[in-house]
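# Secondary and tertiary structure notes
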Amino acid sequence: MWSFYIEQLIVSLPFFFKGLGMTIAVSGLSLAAGTVLGFVWGIARAKHVRLLKPLLGAWVDIVRGTPFLVQVFIIFFLLPEVGIQLEAFPAAVIALSNLSACFICEIVVAGISAVPSGQREAATSSGLNWFQQLRYVILPQSMRVILPPLVGQYVLLIKDSSVVSAIGVVDVTRVGWLTVQRIPQGLLVFGLVAVLYFVICYPLIQLSNSLEKRMSVSYTRGKE
Amino acid sequence: MIEFKDVHKWFGELHVLKGINLKIDPAEVLVVCGPSGSGKSTLIRCINRLERIQKGEILVDTMKVHDSKANMTKLRAEIGFVFQQFNLYPHMTALGNVTLAPMKVRKLSKKEAEDRGREVLEKVGLGDRIGHYPAQLSGGQQQRVAIARGLCMRPKIMLFDEPTSALDPEMINEVLEVMRNLAHEGMTMVVVTHEMGFAREVAHRVGFMDFGELMEIAPPGEFFTHPKSDRTKLFLSKILTH
């Protein structure tokens, strides 16, 4: 019996790979958009822009304090009520980008505030403007604090992307759902789904760990 | 060169500068001393607007520092600032530290900035350390890089905020030596320090601050031998006897 199911599963493999491609597409796009947006928001929050700062803070709290599935439903099912009709794919990317932007924003704020204030004072007193301070003094130092959790966040993002299967995006999780109706061996089918997620997440987990180690070494490059 | 006109500053309720009037001439070396919390650091931090003032006026070369229209980039480019904690950029080498502002603010080419950077690092005695990161340098060397960072902008004024207070005793002299040379070259300097030997030898005038007021200001000979106010006498007796 098992060998029959395994054979069936092997036949369905191309379908799984297509699903995996969709998972990578949704996560990849959201990861890129979420990173850009997260950095912009984080920098804006760290700069204490009046009005913008509390607004962003409230938004981040709301998004972090509500289930992602609910956010996806709101974007996909409720926005059409106010005239914004979205396909499943863009809705998924928007929801996931927003979610990751909120978490990345927090990571960026923490990274920027980890840089001692004396660094900014030194940069200010040498005449560098705000952008130059950020670009040459603050961000390069914050990246040591930002990078490890950022990569960790990417792992979470890829796993969270499974939620968008609920609105019909045919990602690898959705392929699992569909397959299990033909091959009634949940363990086998979702075991495969899990393996496919693990294969893309594991290198990132390793990367995050090694970044953590590398970044905790003090600034002594070039030492004999 | 620098002029304070009835300058007041508050940190919330705390009145930290109470009507400072002070004129510093070009090529003058002014040493400011006083107990901690007396407002001396705040005083020099107001000169390049690291701190805002609430009342009065500070002029640098006729430019109103605390005017909202003041061109701070231009002003700060002309004023080097040396911090107690050095505040070197840890992710850059000594050369990277001194050349950043000349390239980005003065718009020098990389080559020009690096030539100039080598020259100033040479001048503070660190010609053989240009490729070292701050973490690889001793405290005294780091502070000399910090001074070189200021000098690399070719400023008209150098401000020092307790430059030797964070240093081990054996490293204080190498930093003071650099400052002494600078003074002899005619740099306008305002130095907050407790190094009374340096004050006596290098300063043109010494000021004493307490409770946000400039209690006394006089040439070192007079300041150390005939201090006028009782608080100055008390302060001097405390720090000169140890």
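Predicted, not measured: the structure shown is a model, and the values here were computed from it.

It is worth spelling out the overall build of chain B at this point. Counting its regular elements, chain B contains nine helices and ten strands. Its C-alpha atoms give chain B a radius of gyration of 18 Å, near enough to 18 Å, the size a compact globule of 242 residues would have. Relative to its full complement of 242 residues, chain B shows a buried share of 58%. Within chain B, contacts between residues separated by at least 24 positions form 65% of all contacts whose residues are at least 6 apart in sequence. Surface summary for chain B: the accessible area is close to 10,300 Å², and the carbon and sulfur share equals 49%.

Helices and strands together make up the secondary structure of chain A, namely eight helices and zero strands. In chain A, the order of α-helices and β-strands from amino to carboxyl end is α-α-α-α-α-α-α-α. Seen along its three principal axes, the alpha-carbon backbone of chain A occupies a region of about 75 × 55 × 25 Å. Counting across all 224 residues of chain A, residues that qualify as buried make up 44%.

Looking now at the state of the cysteines. Put plainly, a disulfide is one covalent bond tying together the sulfur atoms of two cysteines. All names here are of chain A. In total, this model carries zero disulfides over all chains according to the counting rule given. Between C102, a free cysteine, and C105, which holds the nearest cysteine sulfur, the sulfur-to-sulfur gap is 6.9 Å. When its relative accessible area of 0% is taken as the criterion, C102 is described as buried.

The next subject is the nonpolar core. One finds F16(A), F4(B), I47(B) and V190(B) to be the most contacted residues of the largest nonpolar core, which totals 73 residues. When sequence neighbours within four positions are dropped, the list of residues in contact with I47(B) reads I2(B), F4(B), V60(B), V65(B), L75(B), I79(B), L159(B) and V190(B). Counting 47 residues, the second-largest nonpolar core is a separate cluster that includes L88(B), M189(B), V206(B) and F224(B).

Right, let's talk about empty space enclosed by the protein for a bit. Counted according to the given criterion, the structure contains one cavity of 30 Å³ or more. Within this model, the largest cavity holds a volume of roughly 90 Å³. In terms of lining, the largest cavity is formed by 13 residues, of which the most central are S125(A), S126(A), G80(B), F81(B) and G150(B). Among the elements of the structure, α5 (117–125) of chain A together with α2 (72–77), β6 (79–82) and α5 (139–151) of chain B are those that each provide at least two residues to the lining of the largest cavity.

In this complex, chain A contributes 20 residues to the contact, which on the side of chain B involves 24 residues. In this assembly, chain A packs against chain B so that about 2,000 Å² is buried in total across both faces, 58% of it on carbon and sulfur atoms. At the boundary of chain A and chain B, one finds one salt bridge. Where R45(B) meets E121(A), a salt bridge forms, and the shortest distance between an N and an O atom there is 2.7 Å. Our count for the contact surface shared by chain A and chain B stands at six residue pairs in polar contact (both at pLDDT 80 or more). If you list the elements that add at least two residues to the side of chain A that touches chain B, you get α5 and α6 (130–160) of chain A.

All names here are of chain A. Tracing the sequence through the fold places C105 in helix α4 (residues 88–113). Judged by its relative accessible area of 0%, C105 falls in the buried class. In this structure, the C-alpha to C-alpha distance between C105 and T35, residues 70 residues apart in sequence, is 8.4 Å. Excluding residues within four positions of it along the chain, C105 makes contact with G38, W41, G42, R45 and V60.

This next bit is on the packing of α5(A) against α6(A). Residues and elements named next belong to chain A. Relative orientation of the contacting elements α5 and α6 amounts to 145 degrees, with a least axis distance of 10 Å. Judged by the twist between their axes, the crossing of α5 over α6 is right-handed. Packed against α5, whose contacting residues are Q119, R120, A123 and T124, the element α6 presents W130, Q133, V137, I138 and Q141 at the interface. Split by residue class, the contact of α5 with α6 holds four nonpolar, four polar and one charged.

Pairing between sheet strands relies on hydrogen bonds along the backbone, with the strands arranged either parallel or antiparallel. Residues and elements named next belong to chain B. The sheet built from six strands is open, its strands ordered β6-β7-β8-β3-β9-β10 with mixed pairing. Among the strands making up the open sheet, the edge pair consists of β6 and β10 (213–218). Put simply, the sheet's adjacent strands are angled 15 degrees from each other on average, direction ignored. Pairing of β6 with strand β7 (residues 157–161) involves four bridges; the strand directions are parallel. Note on β7: the bridge partner recorded for V82 is F160.

Conventions adopted
Residues numbered from 1 in each chain as written. Chains lettered and ligands numbered in written order. Predicted model: local features only at pLDDT ≥ 70, side-chain atom pairs only at ≥ 80, totals over all residues. Heavy atoms only, no water. Helix = DSSP H or I, 4+ residues; strand = E, 2+ residues; numbered from the N terminus. Rg over C-alpha atoms; globule rule 2.2 N^0.38 Å. Buried < 20%, exposed > 50% of the residue type's maximum accessible area, 1.4 Å probe, protein only. Contact = heavy atoms within 4.5 Å. Areas by Shrake-Rupley, 256 points an atom, 1.4 Å probe, with all protein chains shown as cover. Disulfide = S-S within 2.5 Å. Core = buried A, V, L, I, M, F, W, Y, C linked by side-chain atoms within 4.5 Å. 1 Å grid on protein atoms, 1.4 Å probe; cavity = no way out; pocket = protein on both sides within 12 Å on 5 of 7 lines; lining within 4 Å. Points joined across faces, edges and corners; volume = space filled by probe spheres on them. Buried area = accessible area lost by both parts, 1.4 Å probe. Salt bridge = Lys/Arg side-chain N within 4 Å of Asp/Glu carboxyl O. Polar contact = N/O pair within 3.5 Å; in protein donor to acceptor, adjacent residues only side chain to side chain. Axes fitted to C-alpha atoms, helices over the stretch in contact; angles between N-to-C directions. Left-handed = near helix turned anticlockwise from the far one by under 90°. Nonpolar A, V, L, I, M, F, W, Y, C, P; charged D, E, K, R; others polar. Pairing = 2+ DSSP bridges.

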